[in-house]
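# Working through the structure, step by step
This is what each chain is made of:
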Amino acid sequence: MSQTASKKFPNTIYLRDYKEPLYWIDHVNLDFELQAEKTFVKSQLHFRKNENLPSEDQEQSTLILDGEDLILRGLALDGAPLREDRYQVTADHLHVFDLPESGVLEIETEVNPSANTRLEGLYRSSGIFCTQCEAEGFRRITYYLDRPDVMATYRVRMTATQEDCPVLLSNGNLLEEGSNPDGTHWAEWEDPHPKPCYLFALVAGKLEHLEADYTTASGRAVKLRIYVEPGNVERCSYAMDALKRSMRWDEERFGLNYDLDCFNIVAVGDFNMGAMENKGLNIFNSKYILADADTATDADFGFIEAIVAHEYFHNWSGNRVTCRDWFQLSLKEGLTVFRDQEFSADMRSEAVKRIQDVKMLRARQFPEDAGPLAHPIRPESYIEINNFYTATVYEKGAEIIRMLKTLLGWEGFRKGADLYFERHDGQAVTCEDWIRAMEEANGADLSHFRLWYSQSGTPVLMASWTQNPEAGSFEITLSQHTRATPGQTEKRSLQMPVRFGLLNASGQDVLTGQEQDFLILDKASKTFRFENISEAVVPSINRGFSVPVKLEAHHSEADLAFLMAYDSDAFNRWEASQSYLTRVLLKLVEQRKSDVTRDDIPADLIEAFRVNMQDRAIDPAFKALLLTLPALSYVADQMIVADYECLSMVRKGVKDCLAGVLETEWQALYRSAALEESFDPASGHQAGSRALRAVALGYLSGLADGRKLAADLYGDAGNMTDRMAALTAVIDEDCPERQQMLDRFEQRFSDNLLVMDKWLALQAMSQHPAVLDQVEELQQHPAFSWTNPNRVRSLIGAFAMNNPRYFHDLSGRGYRILADAVLKLNDINPQVAARILAPLGTWRRVDTERQGLMKQELERILERENLSRDVYEVASKALGRD
Ligand code: TRP
Ligand code: ZN
């Protein structure tokens, strides 16, 4: 029976209730007989009483194992079958009574992988058996203590037909394999490293692989393999290259080596998230493995590099040292995101990577922190843990790690990390253990810094300054404030390392030769004074986005134009352009300007644009970012009531105006960024040039000539990046070129669903007036499917998250489309249903009429019978009920 069916109001789990288990499990033998509809799982659990617990607990002798959607077929203790009065099966547990201090429990269960559309536990994707156990999927395979502090060694045997499953994989090293006379064959794998069950994995199916050899710095020879569906091996080479570079990087930057004889990656088409770090057997969403010039964009290659690295880095930050409980999730995720960000920065442009990461933090995490689901990076309670794989835990978590690096310097940070990995190897630990290692390795006091782990909400950092030229002094006052968030009304001041500089009129940094380039704000307000500043200076504040805050600095427009051109900190140079443009947009929204003309845009802003456009010394990838208008959602977040309709009109007006005023320059830029060489996914310079060309085309597309240019680019495109640039340029326009390109794209790629995802998403994000009809019609398109999370995210997710103008259409249709999708997915895949639901939780940001429409849809969702825990938690919290 499904446990979600019976409970209307599911339980909340609290961090403060954490207790060690009554029994440990040290070793597990698993034996799978794999069949599509009926898979039999035999498990032998070597258990032992936990001697750490207080004696009153130790008197108990009932082992309570987790289990969901399982059929129990057999149960024995130390070789003898258990009588019925020795155990009890409930909807989500198996209770075994009167256990000895230690022994071996044998359990046989039956599961149905083909019926598993939730994609948690053991399921089939295009005929391939695969597993997803994080966070709590192992309990859908067999009864177990499904919690990360129970760590065991595993030996796994599996049997399947040679015909359907020539490849049989699990964690660790292959021990033995053989075949049976009945057409089946078997393999036995052993993982010598103790691990929690969320890192267990099994894969069986018809797969081909790409292989490479790697030797670690410590001399271990490792076989690397990437397994994919037949026909896809040619599209794995970039992922393999990224894997090798990740392994080398972790040795060089963190001194961490790989620890098994083989490392396997499997790509599957149906997957709830990006990828999973199972020990020695990473399983990936095929979107983050398969790529070639013809089917993947430069952005896709960047994601592949980052995610391959992320999962590989988990081998230490997550697997060798794991989490005690799920409240500690950021311990492994924040740290591993930080590590993959540093890796990507080392591979390409550091500044460009930082800007991309901050854009993503602002687009995903800031709204979360300002909404009904706001939580600290270490949450204190949850109903469904799958709902806490959030931008806060991941991305804000990485920002907290980054601040430690700023505070301690790279060397101090490395000393702390070394101590952490050495001290806790093989353990399941807490965020507190991480901080303590940082403190002890550096003799530092991080007691105030710890508040970042428990306080939610995005702080506002305010800056004001005065300069006294006669006295030669400069004073800056930094203040902070964090608004109340649900369940957390009292906010304290945080410790913030604010990177800072002063620029003179020729753009030189005047504060050189100081010990550190940051100011520490550790109370509500603090004034910093600098002497011997005789020339006029402009402050550059929070360089590199060193603290994850909303900065309110009262730079004049002239200051912003200056910083846009001269800041030596590339991040703040970009930031200045965004701030200036945001101010202009907000002012025009206030005036409700429907026809933006040249006079509406300050001359120095246009001039700064022109200078940046023509400056050949600027890295093209960075230039592309400098010349891009701030995202609609970013600007809307600065309004008291978000008015997406007016804002999108004004933004389009500004874009078309900048296009017209600078048309010659855009044309020149477009032509000069053309490339002669053949496509190289590893070349940052090439990717930058393509990005710059796409930006230029984006501006020009509002003009009639530009549409022709886009059509030409589409026709000539030898790679997916250019093809997508051409399509993106016209997707908002009501012009014949748009449909022609969409049709050509569909004809060419209809048999490649990963590519069709781009086609779906582009249309879902379009500003074309018929977009609502199209999102509904596309749900019937053969390329779409409700059971595949990538398809759902491309059509429904992209629409609700990235098309605020039409999601918030006053007709309420956008809200209805999303709620209908959530209800449908509730029964198919609750994890995905809960995830795409989030945009309905932003109702407090819009006008009262829209608020009513949004709340009505949330109510409709909550009225549904058999609502999953996942959807229930997000919908009820969105209405402010939980
Ligand atoms: N631990 C994975 C990562 O960040 C993410 C993850 C958690 C996941 N739960 C999942 C992936 C469920 C797929 C499905 O690398
Ligand atoms: Zn991760």
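The rules behind these values
- Residues numbered from 1 in each chain as written.
- Chains lettered and ligands numbered in written order.
- Predicted model: local features only at pLDDT ≥ 70, side-chain atom pairs only at ≥ 80, totals over all residues.
- Heavy atoms only, no water.
- Near = heavy atom within 4 Å.
- Polar contact = N/O pair within 3.5 Å; in protein donor to acceptor, adjacent residues only side chain to side chain.
- Areas by Shrake-Rupley, 256 points an atom, 1.4 Å probe, with all protein chains shown as cover.
- Core = buried A, V, L, I, M, F, W, Y, C linked by side-chain atoms within 4.5 Å.
- Buried < 20%, exposed > 50% of the residue type's maximum accessible area, 1.4 Å probe, protein only.
- Contact = heavy atoms within 4.5 Å.
- Pairing = 2+ DSSP bridges.
- Helix = DSSP H or I, 4+ residues; strand = E, 2+ residues; numbered from the N terminus.
- Axes fitted to C-alpha atoms, helices over the stretch in contact; angles between N-to-C directions.
- Parallel < 35°, antiparallel > 145°, perpendicular 65-115°, else oblique.
- Left-handed = near helix turned anticlockwise from the far one by under 90°.
- Salt bridge = Lys/Arg side-chain N within 4 Å of Asp/Glu carboxyl O.
- Nonpolar A, V, L, I, M, F, W, Y, C, P; charged D, E, K, R; others polar.
- Domains from an automatic or database assignment.
- Buried area = accessible area lost by both parts, 1.4 Å probe.

Not every one of the 16 residues close to ligand 1 is listed here, only the nearest: Glu134, Glu277, Glu311, Glu333 and Tyr394. Side-chain polar atom of Glu277 to a nitrogen atom of ligand 1: 2.7 Å apart, as the coordinates give it. One nitrogen or oxygen atom from the side chain of Tyr394 is found 2.6 Å from an oxygen atom belonging to ligand 1. Out of a free accessible area of 370 Å², ligand 1 has 97% covered by protein chains.

Take the nonpolar core next. Formed by 167 residues in total, the largest nonpolar core has its most connected members in Leu105, Ile289 and Trp434. Those residues within four positions of Leu105 in sequence are excluded, and the remaining contacts are Ser43, Gln44, Leu45, Phe47, Leu63, Leu65, Leu75, Ala76, Leu77, Leu82 and Val96. The next biggest cluster of nonpolar side chains, apart from the first, holds 115 residues, and it includes Leu742, Phe784, Val792 and Val846.

Now for the sheet that holds strand β25 (residues 460-468). Spatial strand order, β29-β26-β25-β31: four strands in an open sheet with mixed pairing. Single-partner strands in this sheet number two, and they are β29 (525-530) and β31 (550-553). Going across the sheet, the axis of each strand differs from the next one's by a mean of 20°, ignoring polarity. Pairing analysis gives six bridges linking strand β26 (residues 473-481) to β29, with the strands arranged antiparallel. For Glu475, the partnering residue across the bridge sits in β29 and is Arg529.

A separate point is the packing of helix α17 (residues 684-700) against helix α18 (residues 704-716). Packing of α17 against α18 brings their axes to within 8 Å, and their N-to-C directions diverge by 140°. Looking at the two axes, α17 sits oblique to α18. When you trace α17 past α18, the crossing you get is left-handed. On α18, the residues that touch Arg693, Leu697 and Leu700 of α17 are Gly706, Leu709, Ala710 and Leu713.

Strand order across the open sheet formed by three strands is β28-β27-β30, with antiparallel pairing between neighbours. Taken across any chain shown, the strands that pair with only one partner, and hence form the sheet edges, are β28 (518-521) and β30 (537-541). This sheet shows a mean twist of 35° between the axes of neighbouring strands, independent of strand direction. Relative to β30, strand β27 (residues 496-504) is paired through five bridges, and the arrangement is antiparallel. Bridge assignment links Phe500 to a residue of β30, and that residue is Ile541. Where helix α7 (residues 391-424) meets the sheet, its contacts fall on β27 and β28, and the angle it forms with β27 comes to roughly 65°. This element, helix α10 (residues 557-566), spans β27 and β30 of the sheet and lies at about 70° to β30.

By the definition in use, this model includes 76 salt bridges. With a closest N to O distance of 3.3 Å, Glu342 and Arg402 form a salt bridge. Taken together, the residues Glu342 in helix α5 (residues 329-347) and Arg402 in helix α7 connect sequence positions 60 residues apart. In this structure, Lys593 and Asp600 form a salt bridge, with 3.8 Å as the shortest nitrogen-oxygen distance. Asp600 sits in the buried class, given a relative accessible area of 17%. Beyond isolated ion pairs, a larger network of salt bridges with shared partners links Glu68, Asp69, Arg140, Glu384 and Arg869.

Moving on, we get to the packing of helix α15 (residues 644-661) against helix α16 (residues 663-672). Across the interface, α15 lies against α16 with an axial gap of 4 Å and an inter-helix angle of 85°. When the interaxial angle is binned, α15 and α16 end up roughly perpendicular. Residues Leu658, Ala659, Gly660 and Val661 of α15 form the contact with α16, whose participating residues are Glu663, Glu665 and Trp666. Classifying every residue of the contact of α15 with α16 gives four nonpolar, one polar and two charged.

This next bit is on the domain arrangement of the protein. Domain annotation for the protein reports domain 1 (1-206), domain 2 (322-454), domain 3 (460-547) and domain 4 (570-878). Domain 1 puts 16 residues into the contact, and the matching count from domain 2 is 22 residues. For the pair domain 1 and domain 2, the summed buried surface comes to about 1600 Å²; carbon and sulfur atoms form 61% of the total. For domain 1, the biggest contributors to the area lost against domain 2 are Ile13, Leu15 and Pro148; these three give 34% of the whole. In this structure, Lys332 and Glu134 form a salt bridge, with 2.8 Å as the shortest nitrogen-oxygen distance. Taken together, domain 1 and domain 2 are joined by six residue pairs in polar contact (both at pLDDT 80 or more). Tallied by class, residues from the side of domain 1 that touches domain 2 come to 10 nonpolar, two polar and four charged.

The omega torsion across Glu134 and Ala135 is 0°, close enough to zero to call that bond cis. Looking at the element boundaries, Ala135 is found in the loop between β11 (128-132) and β12 (152-161). Within the chain, Asp78 stands out as a residue other than glycine whose phi angle is a positive 45°. By the secondary structure assignment, Asp78 is in the loop between β5 (71-77) and β6 (80-81). We classify Asp78 as partly exposed; its relative accessible area is 47%. For Asn866, which is not glycine, the phi torsion reads 55° and is therefore positive.

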